[in-house]
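Each chain is listed here by its residues.
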Amino acid sequence: MPFGYAGKILHINLTTSDITIEEPDEMFYRRYFGGRAFLAYYLLREMKPHEDPLGPGNVLVFASSAIGGAPSHGLCRFSVGAKSPLTGGFGESEAGGFWGPELKFAGFDAMVIKGKSENPVYLWIHDGDVEIRDASSIWGMPTGEAQDVLMREIGDRKIRTVLIGPAAENLVPYSIIANDLSHMSGRNGMGTVMGSKNLKAIVCRGTHKIKTKDQKLVGSVAKRVARDRKDNPLSYGLHLLGTPAAVLHFNHAGALPSKNFREGTFEGAENISGERMMETLLERREGCYACSIQCRARVGVEDNRFTVEPRYGRPEYETLVGLGSNCGIDDLNAVVKGNELCNKLGLDTISMGGSIAFLMDCHEQGLLPEDWVNGLDLRFGNAELMLQLIEDTAYGRGLGKKLAKGVRDMARELGPEAEKLAVQVKGQEVPLHDARGKAAVGFGYAVVEKGADHLVSGFDILYEKSDHPGFVSVAPLGLLEPLDVLDMGPKKIRLFVYMSCLWGFYNCASICNFAFVPRSITTTAELVDLVKGITGWETSLWELMKVGERSINMARAFNVREGFTRKDDTLPDRFFQPLEGEGAMKGYHIDRKTFEEALGLYYGIMNWDPEKACPTYAKLVELDIDWIWDHIK
Amino acid sequence: MQALVGKGNKKPPGKLSLRLYSNLARYAGEKIRPFPVPVGPSETVHGLIQRFRIPMSEISMIFVNNSLTCKLDTPVRPGDEVEIFGLVGGG
Ligand code: SF4
């Protein structure tokens, strides 16, 4: 067995029940590594162009990586990919937790699923064996109940599951895959693709250990991080409050999305803050596989209106703002309940919250026809309605039927005035970071192949001060000048490209960005040591960043093949309009000309055709993926 | 005259309210709420930062009475609300 990876990729056809195992060579692992590049590799090779995302022709890939699950912190993530039912383009979603490592312990680095089962099924993967099992008894169940049944049926409480809820079965295009109930593959509707294939769950259990070439080297990095994690301000901050720490920070900075991104401050921010949640609702802190940083937590609510089960996890920043301030809601318990409902029923909190906020905004602007409103009080701030609309969306009831289309399609139906309020890119609802307050994040929303995503290049605030540990940590990439958060000029685009190559590698290598620089503690030198120590490859930061760049080009090629062009790399109108309200950023907006220039420059730096926004043949040769040229020329 | 009154006054110094956000909480025993801090007559933002041994590289924004200040020599007095923000990266 090789070092780091299992050397096996599982192929399952749900139409024919055929199961085969591919054993790629070392070159494959070293060139593509895992994660996003594996997804793009199989989507390009095994799917015909222009397939229906909900048809049997869509290909669903789950991928760990050459180093995923190795005994070190922050190597727990896995990626899920398919053609996205939300965007019609490259679909990708990552999550942490324990499932990715367990897939490898069970003997596989990745899994490629094709076809469609006639009846509901689940997959049971254990120590190299694979079974397709009947899931009719759990079809229709919320995620938690389904997991309970699977644990009883298999008779092992140590199983690791990925599961869909009723929303995915009902084909809501932004349905998630819940991973042990509290880690979500949230974006791009990957749960919906599982639902369309009648695949309710994938259960893993394995006892294989991952072999490392130089355990001493791997152990020394993991030990250093475990020792220093409380001294590093970034990893310590993550441990203390997690991502919710950002609520009050962004509110003070004037860039906390409020009322469908209309305003940048929220009067009720304190009520939905990470501080308030940790003081009043914390059950316990926890972490992912082998990770000493422990930045996750469980919270519970007992309210006279409802209770919240802690096993569905603590809402992250995205959810607090998505279901909270962006809907004008400052009722923390209701937001935590909304998080639980989304995780139970299987909905992405970012897209769900974005869809509700959009309707509330349209309503306040008088843009909703009476047969949409139907007597509902759709004003910003209605927490009770928010909870009801989540359930209605999952089950396709009432206004939920409209919400289940997502922001882009609702706006098309409502007309041009509503389209101006639609905060989405390529059909995906925008995460809870105002592009007007973070230039690189905003630019990323426009160009990223999966549609608006915030985990691309790191936040601008990491790079604005010369003594910021985030900035200092990226000097090995040649990023030597601090840049203003609002700067979208040439130097920022260069930074964006370099950082998205590093982040691209993270997304190929099961790496959690809350454990590595620039957002956290593990340095680029330690990153290289980990890869060397696990695989035995004599590698460098240069080679790893090329993997990241390769994965971006492969995802881009998939979109080009599906017909995407430069006009799809755009931002919502809202970000070109002045921020309203009273915050510190009031009146600020992105300048269209600056944005267009940045876009042209980006294609130039990437060596892409500026009109087609497509990799050139030369670029593909440089990245050793010229086989892709036949797919896009 | 004023100074003389001050000299003879044995009253303990007044207090301001200090709040340290996110990673900075560790410089005050992990307090995540505002807490009272005694201040003398010529205290500044910088003096407070030094008193709690907060490294400048870990500070991102400072607010005194809800207004953003970039000047470290900004004076602070009893009754003021001082908020110092650490580093967050979002997520
Ligand atoms: S840093 Fe946090 S999210 Fe990342 S692997 Fe560790 S515990 Fe999980």
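Computed from a prediction, not measured in an experiment: that's the story for all the values here.

**Q** Before we go on, may I ask you to explain the overall build of chain B in this structure?
**A** What chain B contains, in helices and strands, is 2 helices and 5 strands. Among the 91 residues that make up chain B, the fraction classed as buried is 45%. A separation of at least 24 residues holds for 58% of the contacts in chain B among residues at least 6 apart in sequence. Per element, the accessible surface of chain B, about 5000 Å² overall, is 57% carbon and sulfur.

**Q** Could you clarify how one ought to interpret the sheet that holds strand 9 (residues 160–163) of chain A in this entry?
**A** In a beta sheet, neighbouring strands are held together by backbone hydrogen bonds and run either parallel or antiparallel to one another. Residue and element names in this part refer to chain A. Here we have 6 strands laid out as an open sheet, ordered 8-7-12-9-10-11, and mixed in their pairing. With partners counted over all chains shown, the strands left at the sheet margins are strand 8 (129–134) and strand 11 (183–185), one partner each. Strand after strand, the sheet turns through a mean of 20° between neighbouring axes, direction not considered. Here 2 bridges tie strand 9 to strand 10 (residues 177–179), and the two strands are oriented antiparallel to one another. Among the inter-strand pairings, Val162 is bridged to a residue of strand 10, identified as Asn179. Here helix 4 (residues 143–154) sits on the sheet in contact with strand 7 (121–126), strand 8, strand 9, strand 10 and strand 12 (199–205), set at roughly 140° to strand 9.

**Q** I'm lost on the site of the ligand in this one. Help?
**A** Residues and elements named next belong to chain A. Near the ligand you find Gly74, Cys76, Gly287, Cys288, Cys291, Ile293, Gln294, Cys295, Cys512 and Phe514, and these make up its full shell. Mapping the ligand onto the cavity grids shows that it belongs to the largest cavity. Of the residues contributing to the shell around the ligand, the split by class is 7 nonpolar, 3 polar and no charged.

**Q** For this particular structure, what's the right way to read empty space enclosed by the protein?
**A** To find the voids left in a structure, one rolls a probe of water-molecule size over its atoms. All names here are of chain A. Taken as a whole and judged by the stated rule, the model has 8 cavities of 30 Å³ or more. By volume, the largest cavity amounts to about 770 Å³. Forming the boundary of the largest cavity are 44 residues, of which Arg77, Glu94, Met184, Arg296 and Glu316 lie nearest the centre. At the level of secondary structure, the elements contributing two or more residues to the lining of the largest cavity comprise strand 5 (90–95), strand 11, helix 11 (317–324), helix 12 (332–345) and helix 13 (349–364). Top contributing element to the lining of the largest cavity by residue count: strand 5, with 3 residues. When its residues are assigned to classes, the lining of the largest cavity shows 16 nonpolar, 17 polar and 11 charged. For the second largest cavity, the lining is made up of 18 residues, of which Arg36, Val448, Glu449, Val456 and Ile552 are closest to its centre. Taken together, the elements giving at least two residues each to the lining of the second largest cavity come down to strand 5, helix 21 (490–508) and helix 23 (541–561). Residues that form the lining of the second largest cavity fall into these classes: 10 nonpolar, 3 polar and 5 charged. Viewed by domain, the lining of the second largest cavity spans two of them, domain 1 (9–205) and domain 3 (435–520 + 540–632), each represented by three or more residues.

**Q** Hey, could you run me through the sheet that holds strand 4 (residues 67–68) of chain B in this one?
**A** Residues and elements named next belong to chain B. The strand order across the open sheet built from 5 strands is 2-1-5-3-4, with neighbouring strands paired in mixed fashion. Edge positions in the open sheet fall to strand 2 (35–38) and strand 4, since each of these has one partner strand only. Pairing geometry for strand 1 (residues 15–20) and strand 5 (residues 81–85), over 4 bridges, is parallel. Looking at strand 5, one finds that Leu20 is bridged to Ile84.

**Q** Would you take a moment to explain the domain arrangement of chain A for this structure?
**A** By a widely used convention, the size of an interface equals the accessible area lost when the partners come together. Residues and elements named next belong to chain A. Each assigned domain of chain A is listed here: domain 1 (9–205), domain 2 (244–429) and domain 3 (435–520 + 540–632). Summarising the inter-unit geometry, the C-alpha centres of domain 2 and domain 3 are found 26 Å apart. At the interface, 26 residues of domain 2 touch 32 residues of domain 3. Together domain 2 and domain 3 conceal approximately 2100 Å² of surface at their shared face, both sides included; 59% is due to carbon and sulfur atoms. On the domain 2 side of the interface with domain 3, the three residues burying the most area are Arg262, Val425 and Lys426, jointly 31% of the side's total. There are 3 salt bridges connecting domain 2 and domain 3. Two residues, Arg574 and Asp361, come together in a salt bridge whose shortest N-O distance is 2.7 Å. Across the domain 2-domain 3 interface, the total number found is 10 residue pairs in polar contact (both at pLDDT 80 or more). Those elements giving two or more residues to the side of domain 2 that touches domain 3 turn out to be helix 9 (246–253), helix 13, strand 17 (424–425) and strand 18 (428–429). Considering each element in turn, the side of domain 2 that touches domain 3 owes the most residues, 3 residues, to helix 9. A class-by-class count of the residues in the side of domain 2 that touches domain 3 yields 11 nonpolar, 7 polar and 8 charged.

Analysis parameters
- Residues numbered from 1 in each chain as written.
- Chains lettered and ligands numbered in written order.
- Predicted model: local features only at pLDDT ≥ 70, side-chain atom pairs only at ≥ 80, totals over all residues.
- Heavy atoms only, no water.
- Helix = DSSP H or I, 4+ residues; strand = E, 2+ residues; numbered from the N terminus.
- Buried < 20%, exposed > 50% of the residue type's maximum accessible area, 1.4 Å probe, protein only.
- Contact = heavy atoms within 4.5 Å.
- Areas by Shrake-Rupley, 256 points an atom, 1.4 Å probe, with all protein chains shown as cover.
- Pairing = 2+ DSSP bridges.
- Axes fitted to C-alpha atoms, helices over the stretch in contact; angles between N-to-C directions.
- Near = heavy atom within 4 Å.
- 1 Å grid on protein atoms, 1.4 Å probe; cavity = no way out; pocket = protein on both sides within 12 Å on 5 of 7 lines; lining within 4 Å.
- Sits in = over half its atoms within 2 Å of the grid points.
- Nonpolar A, V, L, I, M, F, W, Y, C, P; charged D, E, K, R; others polar.
- Points joined across faces, edges and corners; volume = space filled by probe spheres on them.
- Domains from an automatic or database assignment.
- Buried area = accessible area lost by both parts, 1.4 Å probe.
- Salt bridge = Lys/Arg side-chain N within 4 Å of Asp/Glu carboxyl O.
- Polar contact = N/O pair within 3.5 Å; in protein donor to acceptor, adjacent residues only side chain to side chain.

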